[in-house]
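Architecture and fold: a report
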Amino acid sequence: DAVVHWFKMDLRTYDNRALSMASRKAAEAGVPLICVYLVSPEDFTAHLRAPVRVDFMMRTLAVLKKDLAALDVPLHVETVGKRKDIPQRMLALMASHLFANMEYEVDELRREAKMHGMSMEVLHDSCIVPPGLLASGSGKQYSVYSPWFRAWVAYLHSHMDLLLDVFDPPTKNPASVRKGKHSTIFDSEIPDVPKNKALSTEEKKRFHALWPAGEHEAIDRLNKFVEERISRYSERRNFPGDACTSSISVHLAAGTLSARTAVRAARDKNKGKNLDAGAEGIKTWISEVAWRDFYKHVLVHWPYICMNKPFKPEYSNIEWSYDMEHFQAWKDGRTGFPIVDAAMRQCKATGWMHNRCRMIVASFLCKDLLIDWRLGERYFMETLIDGDFASNNGGWGFSASCGVDPQPYFRIFNPLLQSEKFDPQGEYIRKWIPELKGVQGAAIHDPYGRTGGLSKSAAGKEGAYPQRILVAVQEKRQ
Ligand code: FAD
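These numbers come from a predicted model, not from an experiment.

**Here we look at the nonpolar core**
Counting 48 residues, the largest nonpolar core has W148, W152, L156, L275, W285 and F294 as its most contacted members. Where this core is concerned, the elements lending two or more residues are α6 (145–158), α7 (161–164), α10 (215–228), α13 (259–269), α14 (280–301) and α19 (389–400). For this core, the leading source of residues is α14, giving 10 residues. Both of domain 2 (127–164 + 209–301) and domain 3 (315–458) provide at least three residues apiece to this core. Beyond its immediate chain neighbours, meaning those up to four positions away, W152 contacts I128, V129, L134, L275, I286, A290 and D293. Ranked by size, the runner-up nonpolar core spans 42 residues in total, among them M353, V361, C402 and A464.

**With respect to the sheet that holds strand β3 (residues 75–79)**
With respect to topology, five strands assemble into an open sheet ordered β3-β2-β1-β4-β5, the strand pairing being parallel. The open sheet has two edge strands, β3 and β5 (120–123), and neither has a second partner. Ignoring which end each strand starts from, the neighbouring axes of this sheet average 25 degrees apart. By the bridge criterion, four bridges tie strand β1 (residues 3–6) to strand β2 (residues 33–39) in an arrangement that is parallel. Looking at β2, one finds that W6 is bridged to V36. Across the face of the sheet, helix α1 (residues 17–29) comes into contact with β1, β2, β4 (97–101) and β5 while running at roughly 160 degrees to β4. Running over the sheet, helix α4 (residues 86–93) touches β1, β2, β3 and β4 and is turned about 160 degrees from β2.

Cut-offs applied
Throughout this document, residue positions are counted from 1 along each chain, in the order its sequence is written. Two thresholds apply to this predicted model, a pLDDT of at least 70 for residue-level local features and 80 or more for giving and counting side-chain atom pairs, whereas whole-chain, interface and lining totals are computed over all residues. Values reported for side chains reflect all heavy atoms of the structure, with hydrogen atoms and water molecules removed beforehand. Definition used in this section: a nonpolar core is a set of buried Ala, Val, Leu, Ile, Met, Phe, Trp, Tyr and Cys residues joined via side-chain atoms within 4.5 Å. The classification of residues rests on relative accessible area computed with a 1.4 Å probe and restricted to protein chains. Under 20% of the type maximum is buried, over 50% is exposed, and intermediate values are partly exposed. For the purposes of this entry, the term helix denotes a DSSP run of H or I that reaches at least four residues, the term strand denotes a run of E that reaches at least two, and both are numbered from the N terminus. An automatic or database domain assignment supplies the start and end points of every domain. We call two residues contacting when some pair of their heavy atoms lies within 4.5 Å. When DSSP finds two or more bridges between two strands, those strands count as paired. All axes are obtained by fitting lines to C-alpha atoms, using only the stretch in contact for helices, and the reported angles, taken between N-to-C directions, cover 0 to 180 degrees.

Right, here's the structure in full:
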């Protein structure tokens, strides 16, 4: 007597494939559409969801509930104690037909496999080109980005509906739903953030100001970026002090924005309509959004990467360091390498880090400190508001040289040269490291090493910027 849409990482009404189909099915059958979101504290723990991310999702649910209520569609949000009970609970809640968008991680696929017997449709939505459609000439899944990207573009150019078809928001339920057996859902409260992921009052204040929740905010952010910054993207995207990237990763991760909508907005702004031509900034940005699809395709084809294994099995037996003092210094932004420390402090303070810096700190952790990349991968998931398994695992595999399409193992970022190149004036460093505010000129990149910087005798003092935790980092590196 109702069609159910099960929200997961697709917390929006606009351009949401399964939600749109559910609405259509409900209208055809003359039954109401009901929406459900199940909060699983166990899943949050198992999947290392950052508190800032959980908080963002709960705030988004409140926006979503209001938007859906305007269409007389109730959103039922419920906490389920044991994750293994989710399929059962879904079954109990479900009426005649269930719709959901697919999540590709192994646990999620297993959960859905347990729901056999239900009348259920699980649809591809999160990638622009669904996984499984692109293969090399010999029929294999690509493990290198460039040929994959060419295939991605060619596929879309011949199947533009995948990009251009917009899935309409749900239509209005009959107003009588407000009086029927689902009526109490309209008044139900969104549960509090589970205790294991609660933020402090100070954190709430800081993160809420930085990351307003919900799909309207996502669209605003996207439109602003496309209007104001995308044209500079290819030249400036690597400079963390510039804030020139879109910062929509939070929305793509929570599903408050679809990747289709993002690429459509960029394409509409382009001179031609091809995805790999036209304005430099636009085509570069589209190719970056495509990385997200790439890593999800990789996850679907090689699911063992979900199990703490490197993509390249030959790198399984590396003897990594587990020096917890070094690891803690890295997490705290106290390694004595300013660009690394600025980035790690940005991460902790905002729940987000610039892509260039993600590469620098990842390289530093696994190629200078020689610490197991999986510790870094884990810390990112526990801290980032945009933590996404496939992109995060891909980024760490790239940096540690054991992932798909990685940097060669002998390519190691020199934090000093990276700093000089991508934060030449040291603005980014000064923003995040107050101890270095007064350091002028090039000394900002190496404050204890060059003239004009800090005196070494100051290093041990309370509140002073730390000395390098590693003495030698080869100067010759790029
Ligand atoms: P923009 O430059 O504006 O790019 C637009 C969108 O394209 C991004 O929002 C993102 O969805 C996608 N994108 C861009 N670059 C990449 C990339 N290299 N890989 C995958 N997708 C990309 N991204 C996440 O969304 N979640 C993560 O957990 C994550 N962890 C990372 C870990 C490491 C070690 C590295 C090197 C990269 C990681 N990335 C991750 C990719 C990238 O750093 C972020 O997507 C990007 O910084 C987000 O900022 P933005 O939205 O301003 O990006």
